[in-house]
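What the coordinates show
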Amino acid sequence: MTLPALPPWLLAGLLALGVLLAWARLITRRRGASTDVRGARSRFLLLCALQPVCALLLYFTLLPPRQASTPGTLVVMTANAGQVALPAALQGQPRVALPEATATDGSERVPDLGTALRRHPDAGTLHVVGDGLEARDRDALGDRRIVFSPAALPRGVVELAPVGVVAPGDTFIASGRVNDVPKATVVLLDPAGQRIDAGPVDAQGRFRLTGVARLPGPALFRVEVREAGGRVADAASLPVWTQPSPPPRVWVLAGAPNAEGKYLRRWATDVGIPLHLQVSLGGGIQLGDAPLPMNAETLRRFDLLVLDARGAAGLGEAQRAALGAAVRDGLGVLVRADGPIPAPVQRLLGIPAVGSEEVAFHLPRPAPDDDAWRARRGAGTADLPVDADAVPAGLPVLTRRTARMPVGDDVALLRDATGAPLAWWHAMGRGRVGVWTPADTYTLVLAGHADVHAALWSQAFATLARAGAPAIAAIPDEARARERAALCGIADEARIVAPDGTTTRMLRDPATGSARCAGFWPRDAGWHQLKVGDAATPFFVRAREDAPSLHRAAVRLQTLQRAARAEAAATLAVAEGARGPAWPWFLAWLTASALLWWLERRRSTPG
């Protein structure tokens, strides 16, 4: 008797139209009838009232209200579910065990969550127990409510920040978090197994180490977590891809020749940076390269402009205007604060005043001990041997101009051994402006620490120079063999080249819309490359057995986030079940219709 295919709004509209027509007929007939046959006013009002009542009862006869139903709960056992004590309310609920679970308590074994949901279609709530859902199963959740009872966070490395593509000779940061290892020490080993950095974890278990990328190509560093006695509690590989990048085009304007500029140019020449140097001697006399006019066209040819105090003082009003527009368009500027900075340049670039006093400072040691420091420096080459006596002697004392880092959006670019900022930068439009207070970094080269000198200026140039082309896609931070990885922002012609040379063409999922994502199931571990035309973006795929604690923590976090989103989107309303029986509404409609028929046929007695 029900009409499930009929839209409720259409049925309601038709019945409402019928009620209006019935009222119009009753009113017209009553006005046209004589007084003796018009009948009592109460009869007319009762006829009008019964019209919507009959229409409402007919609506519920054809489309009975849905019955309230509480969706069932399905208990999903995942890896390490045995570590979690189930609430008593879940003891009688159906229970399934995914392939990662080792439960032997009679749970129904299923190959994946999708199969479990097909076998239990009435499950509206999923109670996940253990480490959480793998990427294979998270897409099958739909809009179901998730309750997650996680197992304890694993012991060892639970967070490890990925390292982006670095240039040869640059330093990189290895940071993350360690769990449940008291008094842990984290050690960073290079691909040859030499210790290049080490340090304790803080109160939250976090660590931050630095390494050096040397030769172009892929490399696997290693992060080890060691207990107080020296035993390795956990380890994880840290993939680093070293790739030469297009060097920034640098323009140096100096107000006078000095040793700092000399060694800066020597370093730039050694690493292949095209540096255009102009040194003013006053009176229109200049040294170095051919002078260039400072205008918009010239500034577009460079990625970074390096100014000292005298060079900044020599800028005219038109030159400052062109410089400000170029910075807002993406040009980077580094101001070497080796003297008072003119007030117009301070206002233009948003940099603070610099004092005339010079103070001494120490740079932090690149490594915790001499052995690690030697490993970071390497053996050098026949043309440029490494000074073996430089490490025991330590870093020389340097000097800097007094200046205070502004409070705001400025970011520290270089710090001394005490943590005080020596250089900092801030954004200005699409460009960046940096202030550099050290005055004699060239003494690092004279003391046999050319690598430290190169690292300081390489970091400054890389941070401030005009940004290059954006990445061709968002690659996964944590991909593993035989598990699905998501890549977003891919083009139609994107393809992935595996370590063995196998090429896989990527197909975007239309459901991802403007995110342009695609799924990828790597078969083997190792370095893969996402290619679009001639451009390539490398990413590393871990082996299944590599860094198990890191994988457990990632799965746990993903499931916690999915459960939080599902809980926020869940409504407090009770879910609607199937429609109820129609016969009670039909009997009520039949009774009201019979009464309406009797009143329609009843005539008052004349006279």
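Residues numbered from 1 in each chain as written. Predicted model: local features only at pLDDT ≥ 70, side-chain atom pairs only at ≥ 80, totals over all residues. Heavy atoms only, no water.

**Thoughts on the overall build of the protein**
- Within the protein, the secondary structure is distributed over 16 helices and 31 strands.
- A compact globule built from 607 residues would reach a C-alpha radius of gyration of about 25 Å, whereas the protein, at 37 Å, exceeds it by more than 25%.
- Among the 607 residues that make up the protein, the fraction classed as buried is 44%.
- Residue pairs in contact within the protein that sit at least 24 positions apart in sequence constitute 66% of those at least 6 positions apart.
- Once the 67 positive and 56 negative side-chain charges of the protein are each reduced to a mean point, those two points are 12 Å apart. (Helix = DSSP H or I, 4+ residues; strand = E, 2+ residues; numbered from the N terminus. Rg over C-alpha atoms; globule rule 2.2 N^0.38 Å. Buried < 20%, exposed > 50% of the residue type's maximum accessible area, 1.4 Å probe, protein only. Contact = heavy atoms within 4.5 Å. Lys, Arg positive; Asp, Glu negative; His and termini not counted. Charge placed at Lys NZ, Arg CZ, Asp CG, Glu CD.)

**Some words on helix α14 (residues 450-464)**
- Its 15 residues give α14 an end-to-end C-alpha distance of 21 Å, which sits within 8% of 21 Å, the value for a rise of 1.5 Å per residue.
- Turning to α14, its buried residues are Val452, His453, Leu456, Trp457, Ser458, Ala460, Phe461, Thr463 and Leu464. (Expected span 1.5 Å × (residues − 1).)

**With respect to the side chain of glutamate 483**
- Position of glutamate 483 relative to the elements: it lies in the loop between β24 (479-480) and β25 (485-487).
- It turns out glutamate 483 is buried and unbridged, and the closest side chain with the opposite charge, arginine 544, is 4.1 Å from it. (Salt bridge = Lys/Arg side-chain N within 4 Å of Asp/Glu carboxyl O.)

**Details of the sheet that holds strand β6 (residues 145-150)**
- Taking strand neighbours across the sheet as the criterion, the five strands line up as β4-β3-β2-β5-β6 in an open arrangement whose pairing is parallel. Looking at strand neighbours, the two that pair on one side only are β4 (108-109) and β6, the edges of this open sheet.
- Of the pairings in the sheet, the one linking strand β2 (residues 72-77) to strand β3 (residues 95-97) comprises three bridges and is parallel in character. In the sheet register, valine 75 faces β3, and the bridge partner there is arginine 95. (Pairing = 2+ DSSP bridges.)

**A few points about the nonpolar core**
- Formed by 35 residues in total, the largest nonpolar core has its most connected members in Val250, Leu363, Trp436 and Phe461.
- No other element matches α14, which puts six residues into this core.
- Phe302, Leu323, Val345 and Met428 belong to the second-largest nonpolar core, a separate cluster that totals 28 residues. (Core = buried A, V, L, I, M, F, W, Y, C linked by side-chain atoms within 4.5 Å.)

**A look at the state of the cysteines**
- The full count for this structure, using the stated rule, is one disulfide.
- Disulfide partner of cysteine 488: cysteine 517, at an S-S distance of 1.9 Å. Disulfide cysteine 488-cysteine 517: torsion about the S-S bond near 105 degrees, hence right-handed. Of this pair, cysteine 488 sits in the loop between β25 and β26 (495-497) while cysteine 517 sits in the loop between β27 (503-505) and β28 (518-520), and the two are 29 residues apart along the sequence. (Disulfide = S-S within 2.5 Å.)

**Focus: helix α6 (residues 259-271)**
- The terminal C-alpha atoms of α6 lie 19 Å apart, and with 13 residues this matches the ideal 18 Å at 1.5 Å per residue to within 8%.
- Residues of α6 that are buried: Glu260, Tyr263, Leu264, Trp267 and Ala268. All buried residues of α6 lie within an arc of 140 degrees about the axis, which places them on one face of the element. Every exposed residue of α6 that faces more than 90 degrees away from the buried side is listed here: Thr269 and Asp270. (Arc of directions from axis to C-beta.)

**Focus: the packing of α6 against α14**
- Put simply, α6 and α14 touch, their axes get as near as 11 Å, and they point 80 degrees apart. It follows from the interaxial angle that α6 and α14 lie roughly perpendicular. Judged by residue contacts, Glu260, Tyr263, Leu264 and Trp267 of α6 engage His453, Ala454, Trp457, Ser458 and Phe461 from α14.
- Among the residues forming the contact of α6 with α14, the class breakdown is six nonpolar, two polar and one charged. (Axes fitted to C-alpha atoms, helices over the stretch in contact; angles between N-to-C directions. Parallel < 35°, antiparallel > 145°, perpendicular 65-115°, else oblique. Nonpolar A, V, L, I, M, F, W, Y, C, P; charged D, E, K, R; others polar.)

**Quick look at the packing of helix α1 (residues 8-32) against helix α3 (residues 41-62)**
- Two numbers describe how α1 lies on α3: the axes approach to 10 Å, and their chain directions differ by 165 degrees. The orientation of α1 with respect to α3, classified from their angle, is roughly antiparallel. Of the two elements, α1 crosses α3, and the hand of that crossing is right-handed. Packed against α1, whose contacting residues are Pro8, Leu11, Ala12, Leu15, Val19, Ala22, Trp23, Leu26, Ile27, Arg29 and Arg30, the element α3 presents Arg41, Arg43, Phe44, Leu47, Cys48, Gln51, Pro52, Ala55, Leu58, Tyr59 and Leu62 at the interface.
- Here the residues of the contact of α1 with α3 sort into 17 nonpolar, one polar and four charged. (Left-handed = near helix turned anticlockwise from the far one by under 90°.)

**Considerations on the side chain of asparagine 179**
- Among the structural elements, asparagine 179 can be located in strand β8 (residues 171-179).
- Using a relative accessible area of 18% as the deciding quantity, one classes asparagine 179 as buried.
- Here the side chain of asparagine 179 touches leucine 153 through a polar contact of 3.2 Å, landing on its backbone oxygen.
- Residue contacts for asparagine 179: discarding those within four places in its chain leaves Leu153, Pro154, Arg155, Gly156 and Val158. (Polar contact = N/O pair within 3.5 Å; in protein donor to acceptor, adjacent residues only side chain to side chain.)

**Remarks on empty space enclosed by the protein**
- Counting across every chain of the model gives one cavity of 30 Å³ or more.
- Its volume calculated, the largest cavity comes out at about 80 Å³.
- Residue lining of the largest cavity: Ile496, Ala498, Asp500, Thr502, Thr504, Phe520, Trp521, Pro522, Arg523, Asp524 and His528, and that is the complete set.
- The residue inventory of the lining of the largest cavity, partitioned by class, reads five nonpolar, three polar and three charged. (1 Å grid on protein atoms, 1.4 Å probe; cavity = no way out; pocket = protein on both sides within 12 Å on 5 of 7 lines; lining within 4 Å. Points joined across faces, edges and corners; volume = space filled by probe spheres on them.)

**Concerning the environment of glycine 230**
- Looking at the element boundaries, glycine 230 is found in the loop between β12 (217-226) and β13 (232-242).
- Take glycine 230: its relative accessible area is 43%, and that puts it in the partly exposed class.
- The spatial distance from the C-alpha of glycine 230 to the C-alpha of threonine 185 is 8.4 Å, given a sequence separation of 45 residues.

**Quick word on the pairing of strand β7 (residues 156-160)**
- In terms of residue burial, β7 counts as a mostly covered element, since four of its five residues are buried.
- One ladder, built from four bridges, connects β7 with β8; its direction is antiparallel. By the bridge assignment, valine 157 is partnered in β8 with valine 178.

**Thoughts on the confidence of the model for the protein**
- Per-residue confidence for the protein averages 86 on the pLDDT scale, and 91% of its residues sit at or above 70.
- Taken together, the stretch residues 571-576 has pLDDT below 50 and engages in eight contacts with residues farther than four places along the chain or on a different chain. (pLDDT = per-residue confidence, 0-100.)

**Describing the sheet that holds strand β17 (residues 304-308)**
- Pairing is mixed in the open sheet, where eight strands are placed in the order β16-β15-β14-β17-β18-β23-β22-β21. The sheet terminates laterally at β16 (285-288) and β21 (411-415), the two strands that pair on one side only. Going from strand to strand, the sheet's axes swing by 20 degrees on average, the running direction of each strand aside.
- Relative to β17, strand β14 (residues 250-254) runs parallel, the two being bridged by four bridges. By the bridge assignment for β17, leucine 253 is matched with leucine 307.
- Of the strands in this sheet, β15 (275-282), β16, β18 (332-336) and β23 (431-436) touch α6, which is tilted by about 160 degrees from β15.

**Points about the packing of aromatic side chains**
- Scanning the model with the defined rule gives twelve aromatic pairs in all.
- Here phenylalanine 60 and tryptophan 585 contribute two aromatic rings whose centre-to-centre distance is 4.8 Å and whose plane-to-plane angle is 35 degrees, an arrangement assigned as tilted. Of this pair, phenylalanine 60 sits in helix α3 while tryptophan 585 sits in helix α16 (residues 583-601), placing them 525 residues apart in sequence.
- Classification of tryptophan 585 as partly exposed rests on a relative accessible area of 29%. (Phe/Tyr/Trp six-rings, centres within 6.5 Å; stacked < 30°, edge-to-face > 60°.)

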